[in-house]
Structures are given as C-alpha cells and as structure tokens.
Amino acid sequence: MVEATPKRDIRKLNLDELKEFFVQHGDKPFRAQQVYEWLWKKSAKDFTQMTNLSLQTRELLNTHFSINHVKVDQMQRSTDGTIKNAVKLHDGLIVESVLIPTEKRITACVSSQVGCSLDCRFCATARLKRMRNLNPDEIYDQVVAIKEQSEMFFNRPLTNIVFMGMGEPLLNYANVIAAIDKITSPGGLNMAAKRLTVSTVGIAKMIIKLADDEVKFNLAVSLHSALNDVRSSIMPINDTNTLEELGDALKYWYAKRKRKVTYEYVVWKGINDSEEHARALLKFCKIIPCKVNLIEYNPIDEGEFQQASEQSLTMYMNLLEENGITTRIRKSRGKDIDAACGQLANKS
Ligand code: SAH
C-alpha cells in the first residue's frame, strides 16, 4: 500500500515559498498573497473559508497542506472575568493562555513553550518538564483566540499582550520573534509593539541579543531577589546568569533601547521580606531606569513559600517610592481557576 505523503504545515512557508508553490502548479504568484492574507490576517482555520479562491485552488491547497490551527480545548471563567484557555496543539499537547480584563485594558497572556525547563521553585509550570518550543503560528493563534474572546465576551478590542504564560520566551527566541513580527505587522494583527511585553527569567546573553536586534516591545524581568545567594536558591538560572551579568546585559539593552524595564518581584515571608532585601532591590533598580511590580504570591503548594505581610510590602513600597522608583502592587487575577501568575500547569 502506498502511504499518502504527509501534508505540510502551510504556515511554515513564507510568502515567497508560497508564490513558488503556485507558480510550480501553473497558477499566478499573486494567488499566494491572497492565501497569505487568509492564513494570517484573517486567521482562517480551514481552506474552505478562503472563498475568493476557486474550488480547484482550495482543493489543490488541501491536497498538499494542512493548517495546524490550535484549538481552545477548554475555557474557564473566573469570578473576576479572567478567562483561562487550555489550548490544544496539533500534536495533542496542551498549553494555557489567559485573557485578563481590566477597566482600561484587555490583556492576553500567552505561552511560549510547552512546559518549562527553568525550575523556579515557586512556579507551578516548573513542575511540567519542557516538552517543546511553540511554533510562531501556535503563539500567534493563542493571541487570535483571545482577541476573538475579547470581542465576543467583552465587546472590546484586545489591547495588550504579555509573554508571561508557560515557558521562557528567550529560550524560544526565533519563534517568539517571528510570532511578534506577525502580531505587529499590517499583514497580521497590526498591533503596536509598545503594547507587547516579553517577560524573562533574565538570560543575559539573550537580553543582549534583544538589544542588538533593536526590538520595539517592552521587557520585563522576573527578579524576585537582588541578592545572588537568595536568588540562586529560588531560581537556579541565577547560577549561570548572576545579577552582575544580568545588570550588565540590562545596561547594554537600555543604552540601545532607552525604555524602562519592569522588574517582577514577589515578597515571601522569611525569604526576602527584610529591609536588607528591599535595599538590595533598590540598589539593583539604580542600574537602569525601571519600574517594579510587586506581585501577589499565588500559592502552589503547602507551606514553603508564603506571601509576606502587608507591612513588608509597605516597607518595600515606601523605600522604592521614596527613592523615585515607580512601584505597583499587582493583585492576582483568575486565582479561583488557577489562571494567575505561576499557576499554569494544565491541571484541568
Ligand atoms: N519565564 C518567564 C515567563 C513566565 S512569566 C519569566 O520567568 O519571566 C510568569 C511570572 O509569574 C514570572 O514573573 C514568575 O516569576 C511569576 N510567578 C511564577 N510563579 C508564581 C507564583 N506562584 N505566584 C506569583 N508569581 C509567580
């Protein structure tokens, strides 16, 4: 028996490759432009949707290609309006993405990898080992799904995107950048790069690469401690990317980019809630202009990590603000459905 050749994922082709396909099949290169627009700008999930193409062309495409669109497998809604999606990929793996509504914004929080390799001790995603990187289209599709939900459930446009779901975006650099190119291009979702934030655990050499590539989106760094021994004990990445290396990379990034970085920081009882830690953070904050988000801790297990007291948070807040560092306390969203920071772990 002759097995059918497996269909190629059409979104792996760039416009020129698609043009070449049509020319090889005796059609006009401009056909590629039409198909490309269906694939990206209009996010077609099926060739039958491409109604300005002849039936013959649609069949030709269907014989050679598949559209590996992700599927929202399960959707959960929090009492605060947050929506968590379990998103099924073409190979059956699942990642999670979150829609976070506020008065002024609708933010999509998207994943960049299936699982994560980083092992941050306080994060639920760390318990899923890294299975694979997401492709650009799989990242793009998560945004499209949330954009549709935003219009359907809130009657409002999607305004912001944060790469703060599962995985480390800078360890899937090329695909994240390719997805962002599509998200921000007029041939894709045409969103302004300044509405996008990529959050990283702090991989120094990749921050330098971001600077060299002159990216236009915002950068956030999950800092959590400005003392090497403490940071290493909760975030093993700090062993190979020390605070000094991180600081140098950020200096390089700021020199080129001239935009404030945001530090994400959780204050935990007995771990980093004393004044010594707050002073270390303040010192780190002087390296380049920055903002600090003090994130509420979302418990993922019993005991080991506990949210610090209100007093400790106020101590941090006062010290930073007195020294001119914009500091915000970020309350959790979607906690009841395990959709908050660090809770994404494919539980349901
Ligand atoms: N790997 C990237 C992207 C993940 S973003 C990064 O580390 O930045 C997820 C954010 O939630 C990070 O700032 C992470 O440190 C934080 N986080 C992880 N677990 C958390 C938890 N249990 N409670 C609150 N924040 C958590």
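Now for a look at the structure at hand. If you're wondering where the values come from, they're calculated on a predicted model, not measured in any experiment. (Residues numbered from 1 in each chain as written. Predicted model: local features only at pLDDT ≥ 70, side-chain atom pairs only at ≥ 80, totals over all residues. Heavy atoms only, no water.)

### Regarding the pairing of strand β4 (residues 83–88)
- Among the six residues that make up β4, five are buried, leaving the element largely enclosed by the rest of the structure.
- Judged from the six bridges that link them, strand β3 (residues 71–77) and β4 form a sheet pairing that is antiparallel. If you follow V72 over to β4, its bridge partner there is V87.
- As consecutive antiparallel partners, β3 and β4 are separated by five residues, and within that stretch G81 has a phi angle of approximately 95°, a positive value. (Buried < 20%, exposed > 50% of the residue type's maximum accessible area, 1.4 Å probe, protein only. Helix = DSSP H or I, 4+ residues; strand = E, 2+ residues; numbered from the N terminus. Pairing = 2+ DSSP bridges.)

### Some remarks on the site of the ligand
- Taken together, 21 residues lie near the ligand, and E168, S199, S222, H224 and N298 sit nearest.
- At a separation of 3.4 Å, an oxygen atom of the ligand approaches a polar backbone atom of T200.
- Here an oxygen atom of the ligand sits 2.6 Å away from a polar atom, N or O, in the side chain of S222.
- Elements with a minimum of two residues in the shell around the ligand: β10 (196–200) and β12 (261–266).
- In terms of residue class, the shell around the ligand is built from ten nonpolar, eight polar and three charged. (Near = heavy atom within 4 Å. Polar contact = N/O pair within 3.5 Å; in protein donor to acceptor, adjacent residues only side chain to side chain. Nonpolar A, V, L, I, M, F, W, Y, C, P; charged D, E, K, R; others polar.)

### What to know about the environment of S97
- Within the secondary structure, S97 is located in strand β5 (residues 94–101).
- The spacing of S97 and V72 is 25 residues in sequence and 9.5 Å in space, taken between C-alpha atoms.
- Other than its neighbours up to four places away in sequence, S97 contacts I83, K84, N85, V87, C109, V110, Q142 and I146. (Contact = heavy atoms within 4.5 Å.)

### Let's talk about the pairing of strand β11 (residues 218–222)
- Within β11, five of the five residues are buried, which leaves the element mostly enclosed by the surrounding structure.
- Residues of β11 alternate between two faces, with N218, A220 and S222 on one and L219 and V221 on the opposite face, all of them buried.
- Pairing geometry for β10 and β11, over four bridges, is parallel. Each residue of the ladder has a partner; that of T200, found in β11, is V221.
- For the crossover that starts at β10, traverses helix α6 (residues 204–212) and ends in the parallel β11, the hand is right-handed.
- Bridge analysis of β11 against β12 gives three bridges, and the strand direction is parallel. Bridged to A220 within β12 is T262. (Right-handed = clockwise from strand over helix to strand, strands pointing away.)

### A short note on the packing of helix α9 (residues 275–285) against helix α10 (residues 310–322)
- In the contact formed by α9 and α10, the axes pass within 10 Å of each other and the chain directions differ by 35°. The handedness of the crossing between α9 and α10 is right-handed. Where α9 approaches α10, its residues E275, H277, A278, R279, L281, L282 and C285 are matched on the opposing element by M315, Y316, L319 and L320.
- Classifying every residue of the contact of α9 with α10 gives eight nonpolar, one polar and two charged. (Axes fitted to C-alpha atoms, helices over the stretch in contact; angles between N-to-C directions. Left-handed = near helix turned anticlockwise from the far one by under 90°.)

### What to know about a nonpolar patch on the surface
- Nonpolar side chains collect at one region of the surface, where V72, M75, M152 and F153 lie side by side and expose about 350 Å² of accessible area between them.
- Going through the elements one at a time, β3 and α4 (136–154) are the ones with two or more residues in the nonpolar patch. (Patch = residues over 30% accessible without salt bridge, like charges linked within 9 Å, V, L, I, M, F, W, Y side chains within 5 Å. Areas by Shrake-Rupley, 256 points an atom, 1.4 Å probe, with all protein chains shown as cover. Salt bridge = Lys/Arg side-chain N within 4 Å of Asp/Glu carboxyl O.)

### Quick notes on helix α1 (residues 15–24)
- Taken as a whole, α1 has its buried residues at L15, L18, F21 and F22. Down the axis of α1, the buried side of the element spans an arc of 115°, and every buried residue falls inside it. Exposed side of α1, more than 90 degrees from the buried face: D16 and Q24 are the residues found there.
- Where α1 begins, the capping side chain belongs to N14, and its oxygen is found 3.1 Å from the backbone nitrogen of D16.
- Backbone geometry just after α1 places G26 at a positive phi near 70°. (Arc of directions from axis to C-beta.)

### As for the sheet that holds β10
- Spatially, β3-β4-β5-β6-β9-β10-β11-β12-β13-β14 is the arrangement adopted by the ten strands of the open sheet, whose pairing is mixed. Each edge of the sheet is formed by a strand with only one pairing partner; in this case those strands are β3 and β14 (326–330). Looking at each pair of strands side by side, their axes are set apart by 20° on average, direction ignored.
- Sheet topology places β5 next to strand β6 (residues 106–109); four bridges connect them, and they run antiparallel. Looking at β6, one finds that L99 is bridged to A108.
- Packed onto the sheet, α10 meets β12, β13 (290–295) and β14 and runs at close to 155° relative to β14.

### Some points on unusual backbone geometry
- In this structure, N155 takes a positive phi of about 55° despite not being glycine.
- Within the secondary structure layout, N155 lies in the loop between α4 and β9 (160–163).
- For N155, a relative accessible area of 69% translates into the label exposed.
- Of note, the phi angle at K258 is positive, near 55°, even though the residue is not glycine.
- With respect to the element layout, K258 can be found in the loop between α8 (243–257) and β12.
- For K258, a relative accessible area of 57% corresponds to the exposed category.

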